[in-house]
Amino acid sequence: MNKKKFVSFCKKCLTKIVVLLHHSYMKIDCNKNNEITIDALSKIAIQFHIFFTDLLPEIYSYLNNCNVSFDLYISTDTEEKKEEIAKYFNKNKINNCDLLIIEVVENRGRDIYPFLKQLSPVYNKYDIICHMHSKKSTTVDWGDDWRRFLYDNLLGKDYFFKNLIFKFSTDEKIGFVTSIPYWRVILSYLNNLMNVNNKKNVFKLLDLLNITKHKLNINTKYSCGNMFVAKTNAIHQIFDYGFTEKDFPNEEGQLENTLQHTVEFIWKYLVEYNGYK
């Protein structure tokens, strides 16, 4: 075994250990279950920030897996991309999509500000919100694999998404579901958990949102890649605060210590503070 394969093997082993120690693992299957009903959670919104429009065919294929009715909110950063996206989805209709809204939002905070800007006015119309984005991670050569890993773990294929929503409807305590960390980012994942600046930034943001009962430790779970499905009641403070584009920095390829990175760490505390898991 050469050095590269050995390092990969060690990262995969470390990822499994981290998952067992830090995460509440839940397996979702892709089998059709005719007995599944989700009437109790009838309003679902999927928000997709699409910066890279060349990913539209891939995004379309995943959205077509969602065998449950939903409203789709798409944000992008230019009028030209908006027209391209509208043209694509006019030609390629999405199964089970009841409403499609495409809006231009300034590309601040990468996917975070567009997500908040687009859903803050309407989030209380929905029971469950799914947030996705056209992640590329161009600084590494496995960015596409990471994106598809996140998509697979949240939108899956066949009846995966419907079965995931059913889990929400049958367990009232489930408030937030995200992917386990991708094995290639496991060292960065652990470093971020122990980063003093990250902890300070999280404390500041929690205080800003009036989340007072919180503590930080090595067992902190976070949404690595910031894609998730959540009950709106479990994360409502992030919408209620009223963030604007001025709260987020101009894009300069930052890797840490920005508001968008801090939001990535904060979901666990909102969820637990609001009585969910």
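Each remark here, short or long, concerns the structure printed above.
To start, this report covers the structure provided alongside it.

The rules behind these values
Residues numbered from 1 in each chain as written. Predicted model: local features only at pLDDT ≥ 70, side-chain atom pairs only at ≥ 80, totals over all residues. Heavy atoms only, no water. Helix = DSSP H or I, 4+ residues; strand = E, 2+ residues; numbered from the N terminus. Rg over C-alpha atoms; globule rule 2.2 N^0.38 Å. Buried < 20%, exposed > 50% of the residue type's maximum accessible area, 1.4 Å probe, protein only. Contact = heavy atoms within 4.5 Å. Areas by Shrake-Rupley, 256 points an atom, 1.4 Å probe, with all protein chains shown as cover. Lys, Arg positive; Asp, Glu negative; His and termini not counted. Charge placed at Lys NZ, Arg CZ, Asp CG, Glu CD. Pairing = 2+ DSSP bridges. Right-handed = clockwise from strand over helix to strand, strands pointing away. Salt bridge = Lys/Arg side-chain N within 4 Å of Asp/Glu carboxyl O.

**So, the overall build of the protein chain**
Tallying secondary structure elements over the protein chain gives 10 helices and 6 strands in all. Its C-alpha atoms give the protein chain a radius of gyration of 18 Å, within 12% of the compact-globule value 19 Å for 277 residues. Taken over the C-alpha atoms alone, the protein chain extends approximately 45 × 45 × 40 Å along its principal axes. Per-residue burial over the protein chain gives 49% buried out of 277 residues. Here the analysis covers contacts within the protein chain between residues at least 6 apart in sequence; of these, 84% occur between residues at least 24 apart. Approximately 14,000 Å² of the protein chain is accessible, and the part contributed by carbon and sulfur atoms is 49%. One finds the centroid of the 37 positive side-chain charges in the protein chain at a distance of 7 Å from the centroid of its 32 negative side-chain charges.

**Observations concerning the pairing of strand E4 (residues 128–133)**
The buried count for E4 comes to 6 of 6 residues, which makes it a mostly enclosed element. A two-sided burial pattern is seen for E4, the buried positions comprising Ile128, Cys130 and Met132 on one face and Ile129, His131 and His133 on the other. In this sheet, E4 lies alongside strand E1 (residues 44–49) in parallel orientation, the contact comprising 6 bridges. Bridge assignment links isoleucine 46 to a residue of E4, and that residue is cysteine 130. As judged from the 4 bridges shared by E4 and strand E6 (residues 228–231), these two strands associate in the antiparallel manner.

**Looking at unusual backbone geometry**
Look at aspartate 158: it is not a glycine, yet its phi comes out positive at around 55°. One non-glycine residue with positive phi stands out, namely asparagine 210, at about 60°. Mapped onto the fold, asparagine 210 is located in the loop between helix H8 (196–208) and E6. The exposure class of asparagine 210 is exposed, given its relative accessible area of 56%.

**Looking at the pairing of E1**
With respect to burial, E1 is a largely interior element, 6 of its 6 residues being buried. The two faces of E1 match: Ile44, Ile46 and Phe48 on one face and Ala45, Gln47 and His49 on the other face are all buried. Sheet analysis places E1 next to strand E2 (residues 70–76), joined by 5 bridges and oriented parallel. From the neighbouring strand, histidine 49 faces E2, where its bridge partner is serine 75. With helix H2 (residues 56–63) bridging E1 and the parallel E2, this β-α-β connection has right-handed handedness.

**Some remarks on the pattern of salt bridges**
For the coordinates displayed, the defined rule picks out 9 salt bridges. A salt bridge links glutamate 58 to arginine 148; the nearest nitrogen and oxygen atoms lie 2.9 Å apart. Of this pair, glutamate 58 sits in helix H2 while arginine 148 sits in helix H5 (residues 143–154), and the two are 90 residues apart along the sequence. Among the residues examined, glutamate 58 registers a relative accessible area of 15% and is labelled buried. Because the salt bridges share partners, they merge into one network encompassing Glu58, Asp144, Arg147 and Arg148.

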